[in-house]
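Secondary and tertiary structure notes
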Amino acid sequence: MAMATPGEDQDGFPCALTINVPFPSARLASVAHRALGVDKELSALVQRQLSTTTPTPAEKDETVLRIEYKATTNRMLRVAVNSFMESLALVLEVMAELDVDVLEQQQQQQQDRT
């Protein structure tokens, strides 16, 4: 899911982390991308890039939201990622409570169990 790597200081951002968050559909991944992309990083010492991947036939409909972080120090990276995770948790909670697709998927899973 995530990988932190100390890299070469070629661009002034030696600390990096990539987080992949799977979503059950491309639409939900796009909604999360748009909701989370609004807030820019507050520090010039941190860079964040969000993108979504197109699912392959083996992945079915699952789309991945990829978040790539670069920072000047591990501390700055940790602070930025912690803040982002709080925002991501809020977006996922709202989706689980209000999104029609998520509710339908939960109902389908419950029906499949019975």
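Residues numbered from 1 in each chain as written. Predicted model: local features only at pLDDT ≥ 70, side-chain atom pairs only at ≥ 80, totals over all residues. Heavy atoms only, no water.

The name given to the protein chain in an unreviewed UniProt entry is Transcription factor Pcc1-domain-containing protein, with the source organism recorded as Lasiosphaeria ovina. UniProt, in the comment section headed Sequence similarities (unreviewed entry), describes the protein chain in these words: "Belongs to the CTAG/PCC1 family." (UniProt positions renumbered as here; feature names shortened; annotations may be inferred.)

Take the overall build of the protein chain next. Helices and strands together make up the secondary structure of the protein chain, namely 3 helices and 4 strands. In the protein chain, which comprises 114 residues, the proportion classed as buried is 26%. By sequence separation, contacts in the protein chain at least 24 residues apart represent 58% of the contacts at least 6 residues apart. Of the roughly 7,800 Å² that the protein chain leaves accessible, carbon and sulfur atoms contribute 53%. (Helix = DSSP H or I, 4+ residues; strand = E, 2+ residues; numbered from the N terminus. Buried < 20%, exposed > 50% of the residue type's maximum accessible area, 1.4 Å probe, protein only. Contact = heavy atoms within 4.5 Å. Areas by Shrake-Rupley, 256 points an atom, 1.4 Å probe, with all protein chains shown as cover.)

Moving on: the side chain of S25. Looking at where S25 falls in the secondary structure, it is placed in the loop between strand 2 (15–23) and helix 1 (26–37). From its side chain, S25 meets the backbone nitrogen of L28 in a polar contact 3.2 Å long. (Polar contact = N/O pair within 3.5 Å; in protein donor to acceptor, adjacent residues only side chain to side chain.)

Our focus in this paragraph is helix 2 (residues 74–98). Spanning 25 residues, helix 2 covers 36 Å between terminal C-alpha atoms, matching the ideal 36 Å at 1.5 Å per step. Within the span of helix 2, buried status applies to M76, L77, A80, V81, F84, L88, V91 and M95. (Expected span 1.5 Å × (residues − 1).)

Moving on, we come to a nonpolar patch on the surface. Together, L90, V94 and L98 line one region of the surface with nonpolar side chains, adding up to about 310 Å² of accessible area. Relative to the assigned elements, L90 resides in helix 2. (Patch = residues over 30% accessible without salt bridge, like charges linked within 9 Å, V, L, I, M, F, W, Y side chains within 5 Å. Salt bridge = Lys/Arg side-chain N within 4 Å of Asp/Glu carboxyl O.)

Okay, the layout of surface pockets next. Roughly 290 Å³ of volume is contained in the largest pocket. Forming the boundary of the largest pocket are 17 residues, of which K40, E41, R48, A80 and S83 lie nearest the centre. Contributions of two or more residues to the lining of the largest pocket are made by helix 1, strand 3 (46–52) and helix 2. With 7 residues, the top contributor of residues to the lining of the largest pocket is helix 2. Taken together, the residues of the lining of the largest pocket break down into 10 nonpolar, 3 polar and 4 charged. (1 Å grid on protein atoms, 1.4 Å probe; cavity = no way out; pocket = protein on both sides within 12 Å on 5 of 7 lines; lining within 4 Å. Points joined across faces, edges and corners; volume = space filled by probe spheres on them. Nonpolar A, V, L, I, M, F, W, Y, C, P; charged D, E, K, R; others polar.)

Before going further, it helps to examine the pairing of strand 4 (residues 63–71). For strand 2 and strand 4, the ladder comprises 9 bridges, and the chain directions are antiparallel. Residue pairing for strand 4: N20 is matched across the bridge by R66. Relative to strand 4, strand 3 runs antiparallel, the two sharing 7 bridges. Bridge pairing in strand 4 places R48 opposite Y69. (Pairing = 2+ DSSP bridges.)

Taken as a whole, this structure holds 1 aromatic pair when the rule is applied. A centroid spacing of 6.1 Å and a plane angle of 75 degrees characterise the contact between Y69 and F84, whose relative ring orientation is edge-to-face. Of this pair, Y69 sits in strand 4 while F84 sits in helix 2; the two residues are 15 residues apart in sequence, bridging distant segments of the chain. For Y69, a relative accessible area of 1% translates into the label buried. Assessed through its relative accessible area of 3%, F84 is described here as buried. (Phe/Tyr/Trp six-rings, centres within 6.5 Å; stacked < 30°, edge-to-face > 60°.)

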